[in-house]
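What follows is the residue order along each chain.
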Protein chains: 2
Amino acid sequence: MATTGHRAAPEHTHPDDVPVLTALAALADPVRLALVRELAGSAEWSRSCGSFDVPVGKAALSHHFSVLRGAGLVEQRDEGPKRVNRLRRAEFDARFPGLLDLVLRGD
Amino acid sequence: MATTGHRAAPEHTHPDDVPVLTALAALADPVRLALVRELAGSAEWSRSCGSFDVPVGKAALSHHFSVLRGAGLVEQRDEGPKRVNRLRRAEFDARFPGLLDLVLRGD
DNA sequence: CCGAGTGTTCGATGGAAACCATACACTCCC
DNA sequence: GGGAGTGTATGGTTTCCATCGAACACTCGG
């Protein structure tokens, strides 16, 4: 039978709908900053949530990705049992020109 | 007699010595964001700390300015009984190109 | 159908940060 | 010198957020 059982699609916020303060707050955290940077260095849709090298448990990690989605920084898609990620470079850069470059251009 | 009594000069941090995360955290607060924006719309050294339109008391205000100094965003100088402020536009922009523009270019 | 793997949700906890009220330090003007 | 104006420091309260452990939902491969 047609399985109605699909996982709840993650809620996304387009960068255009994101206030500056939200974007700044999302990036002003060491873990999320690491996530964004690592994501930027990988091919799109190539990284599942659990594949990142950050010193927090699953629960916290899930929360951080939720924040990144809400800031229009990350897009997610379900692929089998995993949730794979993509950095919304172009869209986010259009809304906040230079911000992403700034963050990715290490210290 | 020669008055040794001078007020402690405020400690400043040059933008070049500021980590990205510190800069972002400094700007990711509604009160400080308002301070920076209001300061950007005023002539340099024209605004004393108390002259800003933010809904917090003196103590909190003083703290916020301390954070802004530590992020290399604001320079202060004592002028009589008041402490006047200046936005370090050029220096901060050299260290974090575009970030200040982004924040000042309202929503 | 069960078990392993993956991610979300919930409740609780700890620590950081914002805030206030008070007290203090300094500068100026009368 | 006294008093008004301005800012800082201190102590205590509250609010927020990052984190964890555990329970739950879903997918896939035996």
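Model, not experiment: these values are computed from the prediction. For every chain, the first residue of the written sequence is number 1, and numbering continues from 1 onward in sequence order. Each chain gets a letter, beginning with A, and each ligand a number, beginning with 1, in the order they are written. pLDDT decides what is reported in this predicted model: residues at 70 or higher carry local features, side-chain atom pairs at 80 or more are listed and counted, and totals for whole chains, interfaces and linings draw on all residues regardless. The side-chain values count all of the structure's non-hydrogen atoms but skip hydrogen atoms and water molecules.

Novice: Explain the relation of the copies chain B and chain A here, please?
Specialist: For the pair of chain copies, the relating transformation is a rotation about an axis with a translation along it. The atoms used to superpose the copies are C-alpha atoms, taken from residues with pLDDT of at least 70 in both, and the fit is least squares. You can overlay chain B on chain A at an RMSD of 0.0 Å; the transform is a turn of 180° with a shift of 0.1 Å along its axis. Taken together, these values place the two copies in the relation of a two-fold axis. The fraction of interface residues of chain B whose copies in chain A are also interface residues reaches 100%, indicating that both copies meet through the same surface. Residues count as neighbours in contact if any of their non-hydrogen atoms are within 4.5 Å of one another.

Novice: Can you help me understand the protein's contact with DNA strand C in this one?
Specialist: Any residue with at least one heavy atom within 4 Å of a molecule or strand is counted as near it. As a structural note, the neighbourhood of DNA strand C is formed by 22 residues, with S62(A), G57(B), A59(B), H63(B) and H64(B) the closest of them. Among the atoms of DNA strand C lying within 4 Å of the protein, the sugar-phosphate backbone contributes 77%. Any pair of N or O atoms that falls within 3.5 Å is considered a polar contact. Within protein, one atom must be able to donate a hydrogen and the other to accept it, and sequence-neighbouring residues count only if both atoms are side-chain atoms. Residue G50(A) places a main-chain N or O atom 2.9 Å away from a phosphate oxygen belonging to DNA strand C. Counting from the N terminus, the helices are the DSSP runs of H or I reaching at least four residues and the strands are the DSSP runs of E reaching at least two. Mapped by element, the contributors of at least two residues to the surface near DNA strand C are α3 (58-70) and β3 (82-87) of chain A together with α2 (30-40) and α3 (58-70) of chain B. With four residues, the single largest contributor to the surface near DNA strand C is α3(B).

Novice: Which parts of the structure should I look at to understand the sheet that holds strand β1 (residues 47-48) of chain B?
Specialist: Within a beta sheet, neighbouring strands are joined by backbone hydrogen bonds and run either parallel or antiparallel to one another. Residues and elements named next belong to chain B. DSSP bridges decide pairing: two strands pair if at least two such bridges lie between them. Read from one edge to the other, the open sheet built from three strands follows the order β1-β3-β2, with strand pairing classed as antiparallel. Taken across any chain shown, the strands that pair with only one partner, and hence form the sheet edges, are β1 and β2 (74-79). Pairing of β2 with strand β3 (residues 82-87) involves six bridges; the strand directions are antiparallel. Across the sheet, E75 pairs through a bridge with R86, a residue of β3. Relative to the sheet, α2 contacts β1, β2 and β3, its axis offset from that of β3 by approximately 80°. To obtain an axis, a line is fitted to C-alpha atoms, over the contacting stretch when the element is a helix, and the angle between two such axes runs from 0 to 180 degrees between their N-to-C directions. Lying over the sheet, α3 contacts β2 and β3, oriented at roughly 120° with respect to β2.

Novice: I'm lost on the pattern of salt bridges in this one. Help?
Specialist: Any two side chains of opposite charge can pair, so long as their charged atoms come close to each other. Throughout this description, the term salt bridge denotes a Lys or Arg side-chain nitrogen within 4 Å of a carboxyl oxygen of Asp or Glu. Here the structure, examined in full by the defined rule, presents 16 salt bridges over all chains. Here E38(B) makes a salt bridge to R47(B), at a shortest N to O gap of 2.9 Å. In this scheme, a residue with accessible area under 20% of its type's maximum is buried, one over 50% is exposed, and one in between is partly exposed, where area comes from a 1.4 Å probe on protein chains only. On the basis of relative accessible area, E38(B) is assigned to the partly exposed category, the value being 24%. The exposure class assigned to R47(B) is buried, which follows from its relative accessible area of 14%. Across the pair R86(B) and E91(B) runs a salt bridge, and its minimum N-O distance is 2.6 Å. Salt bridges sharing common partners tie together E44(A), E75(A), R86(A), R88(A) and E91(A).

Novice: Sorry if this is basic, but what is going on with the protein's contact with DNA strand D here?
Specialist: Near DNA strand D there are 24 residues, and of these G57(A), H64(A), C49(B), S62(B) and R83(B) occur at the shortest range. Close to the protein, within 4 Å, the atoms of DNA strand D are drawn from sugar and phosphate at a rate of 78%. Take C49(B): an N or O atom from its main chain is 2.9 Å from a phosphate oxygen of DNA strand D. Within the side chain of K58(B), one N or O atom sits 3.1 Å away from a base nitrogen of DNA strand D. Elements with a minimum of two residues in the surface near DNA strand D: α2 (30-40) and α3 of chain A together with α3 and β3 of chain B. Basically, the charged four are Asp, Glu, Lys and Arg, the nonpolar ten are Ala, Val, Leu, Ile, Met, Phe, Trp, Tyr, Cys and Pro, and anything else, Gly included, counts as polar. Of the residues belonging to the surface near DNA strand D, the class tally is eight nonpolar, nine polar and seven charged.

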